[in-house]
Amino acid sequence: MTFALSGAWRRRSTLGILALGIAVSVPPVRQSSYTLINRAQRSFASFTFNTMSNPSLKAPQPPPSWIHTPEQVLSITKETIEATRELQTRVANLPKDARSFSSVFLALADAEAKIEAITEPLAFYQNVSPSKELRDASNEAESLVRDFGVESSMRVDVFEAIQGAAESMEKNKEVLSPESKRLVEKMLLDGKRAGLALPEEERKVLTDLKKELSQTCLEFSKNFNEENGTIAFTLEELTGVPQDVISGYKKLPGENGAADRYEITFKTPDITPVFKFASNPETRRRASVAFENRLAINEPIFKKAMALRRRLASLLGYKTWADFVTEEKMVKSADNVFKFLEDVLQKLKPVGIKDREALLALKREEHEEKGYPFDGEFYLWDYRYYDRKFVEKTLSLDDSLVKEYFPVSTVVGTILNIYQDLLGVRFQEIDAEGWHPDVQKFSVWEKDAKDETGFIGYCFLDLFPRESKYSHAAVWGLIAGRQVSPNGERNYPTTAMVANLAKATEDKPALMRHDDVVTFFHEMGHVFHGLLSRTAYSRFHGTAVARDFVEAPSQMLENWCWEPKVLKQMSSHYKTKEPLSDDLIDKLIKSRYTNVGLFYLRQGFFGMFDMKDYTALWNNLREDISLVKNDKEFKPGQGTFGHLLSGYDAGYYGYMYSLVFAADMYATVFKKDPLDPKLGKLYRDKILLPGGSRDESESLKEFLGREPNSDAFLFELFGAAPTANL
């Protein structure tokens, strides 16, 4: 089973005014082939894709600046917070007869958009800046914004103005657009969920708890971003790991006659090959223990956050934190999540047991052959290794061979071309600052743009690994698009993709595993969700949708990486330049749902742990659900579960839940021709453009031409469509 879940969409929305947490004739456009070259280290890849080259096109809005000092990060943040606070006070002090949609709702929405557009980029530095001083200032700035967000959420005077404006509008029978009506409804709901109906003393306790929780989450995330642990092995201990991977590790000379060792970080390109290829089970065990325990420092922080959430939920009148969180999601309640997970896990368990038996038999055979002791158990560090071995044995599919067909130089450019052609857009390189020399900067335009009306937004790509950089793959919505005047004038979005693509080695160029290709395609889906949305208010822009829907568009787009004609396009053997053969493509596609039971049981474990909210359950629950054995040296692993304290709390189930919609969208619309621009336009118009400005079910119904169902999802997993609580 190969599937990508490493990435995420990151838009913190740390403020949220009442949330828990701001005609010219031009020559024709010509196409150019643009080569991206990492200027910092020559070991990184270059890649080529089609970009727009039209110097006459001038964007109506400059890109964000990336030349801040640590002092400026903090001073700008403080000034912006103070300006927003003053605006809130002006709204709160409006006479009752002056409270209207324009003076209250529009004013607050505008303030929210402005503060987020200024502070989101400043808070982003902590994930990417090479300067520790700038990262620390960025982290502190986010802390200030978080605290201000809590303060804002608890302003009864502002909420009274909101209520007063809503009552006045209802009395005057004011007619609003559907999106404006949704804005009113959401702001009123924010006040209820913030606890503003509680007595003053309880509100004070609530405010203190929110601030403490916010800082606790920030401390957890800082540890996550700053983690830089390593583990070292000798060449003998790394037997089985491909030589091109080993050559990329830092070599540590042996002392006093000891063998040289190779230092391995816990970043995905470094550690994953050990789990997948190291034939010595003790090597995999040690690597697994170190990897699982790498953020043990976060375990007490996680425990504290859970306790704070329980107290908050109780004060707000909810049975659990999960009940509070799911109220605003498509699933609507924690009970519905448990029904979904229990139903799917019940169906998956027999499949998972069968998968485990097959892999365990493979393990027994290998251990007998190599003389390793065999205790009849299937451990966590066995899964990726024997999953690969099973695929190689049953399908004659060699993961290392497949990797040779996916050089970064080919894959990245091809994927960008596919998205541009499918969605009718073009990138144009811009001369602007970045936060690091590696960063590639683009303006994004409609493919037939003639003037500034064809401008879409900005995109920044930071694709290669370096020290103290966010260690996985994710997309940040740095600035949201919105309407800023009645005549249609707009602010335009900016998105940033952060990844850690493979480095070149002494004898091979940078190559990507197929699941890395899937991840990159998935993340670019988030990029375009953030660029191609077009809403009136920033709080509804792009991926500001229900958390259990936000992954669905990108999950749907992963299917492109399993389509024969797309695989032909994006593959090119690094030596022969030949694409994947039909035989290899057939084997690769067949591998997609190999050992699907164990894979989804693992996802089910994450989702169930997230909902249960108990710190002591981690290792026991993993064994019970995932059907893999832990090691006695494993510490509670929730310190590594970054999702739970970064916006996905009581939401990890959404990765599986949204697959229902993803499978339905692909099977119903795109399967017949995934590269058809007409279908791409339908997707733009019905899914991407509205963002969160309407219910997700409405967008799905318009896109599908009917209500969504689970048939395609269940067929993918089981080859049939049994009745399920989906």
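Before reading on, note that the structure itself is shown above.
These numbers come from a predicted model, not from an experiment.

A.B. asks: Give a detailed account of the pattern of salt bridges, specifying residues and quantitative values.
C.D. replies: On inspection of all chains with the given rule, the structure shows 47 salt bridges. Of the charged contacts, one joins K403 and D244 as a salt bridge, the two residues approaching to 3.7 Å between their closest N and O atoms. Residue K403 is found in helix α14 (residues 399-403), and its partner D244 is found in helix α7 (residues 243-246); the two are separated by 159 residues along the sequence. In this structure D244 comes out as buried when scored by relative accessible area, which is 10%. Between K393 and E365 there is a salt bridge, with its nearest N and O atoms 3.3 Å apart. A residue pair is termed long-range when its members are at least 10 positions apart, and K393 in helix α13 (residues 380-395) and E365 in helix α12 (residues 334-370) qualify at 28 residues. Judged by relative accessible area, which is 42%, E365 ranks as partly exposed. Here the salt bridges do not stand alone but share partners, grouping K192, R193, E327 and E328 into one network.

A.B. asks: An account of the environment of V669 is needed here, citing residue identities and associated values.
C.D. replies: With respect to the helices and strands, the residue V669 is situated in helix α22 (residues 653-670). In the structure, V669 is positioned 14 residues away from Y683 in sequence and 9.0 Å away in space, judged by C-alpha atoms. Ignoring any residue separated from it by four or fewer positions in sequence, one finds V669 in contact with L679, L682 and F703.

A.B. asks: Outline the side chain of H526, listing residues and values.
C.D. replies: Examined against the element boundaries, H526 turns out to sit in helix α16 (residues 514-532). Given the relative accessible area of 0%, H526 is considered buried.

A.B. asks: Tell me about the nonpolar core, residues and numbers included.
C.D. replies: Formed by 164 residues in total, the largest nonpolar core has its most connected members in F105, M524, W560 and F670. Residue contributions to this core peak at 13 residues, all from α22. The contact partners of W560, leaving out residues within four places of it in the chain, are I418, L422, F521, V566, Y666, F670, P674 and L675. The next biggest cluster of nonpolar side chains, apart from the first, holds 29 residues, and it includes L122, W435, F455 and V498.

Criteria and cut-off values
Residues numbered from 1 in each chain as written. Predicted model: local features only at pLDDT ≥ 70, side-chain atom pairs only at ≥ 80, totals over all residues. Heavy atoms only, no water. Salt bridge = Lys/Arg side-chain N within 4 Å of Asp/Glu carboxyl O. Helix = DSSP H or I, 4+ residues; strand = E, 2+ residues; numbered from the N terminus. Buried < 20%, exposed > 50% of the residue type's maximum accessible area, 1.4 Å probe, protein only. Contact = heavy atoms within 4.5 Å. Core = buried A, V, L, I, M, F, W, Y, C linked by side-chain atoms within 4.5 Å.

Geometric values such as these leave the question of function open.
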